[in-house]
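The lines below spell out each chain.
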Amino acid sequence: MKTDAAKLIKKLKQLPGAQRKHITSAIQKSTEEGARVARVLAPEVTGETRDGITTEYRDDGMTGEVVVIASDAPREEKDRAYSIEHGRKKGGRGTTEGFHHVHRTRQFLGKKHRNRIKRAVKKAAKEVAGNG
């Protein structure tokens, strides 16, 4: 669940610290919730897939991301993570169905995440305007 709006992030960074805290805490809560749900939905064979699901924050907390595999991981690990999520159609190990735990997490939490961020932005805007 990544929302990429560079202009919006730039404007939100200009908010005073107290109001920006509403938004960053909403983003952090949604990101941690997404990671938690993805861990629950991830396949449990060795636990390695679940342990690999983490969160990352950038832009002073204005961007949160659920990371299944680190970007600096070896190609072999990236292929493994991709085959778990999407399955394998052809290959030396046969055909498998994917678990789609990341996609299902996005579907499950998407609307809730959007609404949480909207509420935080409205609350911050009201406080800045002096109506909150």
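Just so it is clear, the model here is predicted, and its values are computed rather than measured.

> Help me out: how do you make sense of the overall build of the protein chain in this one?
Each helix and strand counted, the protein chain has five helices and four strands in total. Sequence-ordered secondary structure for the protein chain, helices as α and strands as β, is α-α-α-β-β-α-β-β-α. Taking all 132 residues of the protein chain together, the buried fraction comes to 32%. Considering only contacts in the protein chain between residues 6 or more positions apart, those separated by 24 or more positions represent 57%.

> Any chance you could explain the nonpolar core here in plain terms?
One recurring pattern in soluble globular proteins: nonpolar side chains tend to sit buried together. In terms of nonpolar packing, the biggest core is built from 10 residues, these being I9, L12, L15, I23, A26, I27, M62, I117, A120 and A124. Secondary-structure elements contributing two or more residues to this core are α1 (6-13), α2 (17-41) and α5 (101-129). Leaving out residues up to four positions away in the same chain, M62 has contacts with I9, L12, K13, R20, I23, T24 and I27.

> What's the story with the pairing of strand β1 (residues 54-58) in this structure? I'm lost.
Regular strands place side chains that alternate from one sheet face to the opposite one. The sheet contact formed by β1 and strand β2 (residues 63-67) spans five bridges and is antiparallel. Bridge pairing in β2 links R58 to T63. Where β1 folds back on β2, the antiparallel hairpin that results is connected by four residues, among which D59 adopts a positive phi of roughly 55°.

Thresholds, definitions, all that
Residues numbered from 1 in each chain as written. Predicted model: local features only at pLDDT ≥ 70, side-chain atom pairs only at ≥ 80, totals over all residues. Heavy atoms only, no water. Helix = DSSP H or I, 4+ residues; strand = E, 2+ residues; numbered from the N terminus. Buried < 20%, exposed > 50% of the residue type's maximum accessible area, 1.4 Å probe, protein only. Contact = heavy atoms within 4.5 Å. Core = buried A, V, L, I, M, F, W, Y, C linked by side-chain atoms within 4.5 Å. Pairing = 2+ DSSP bridges.

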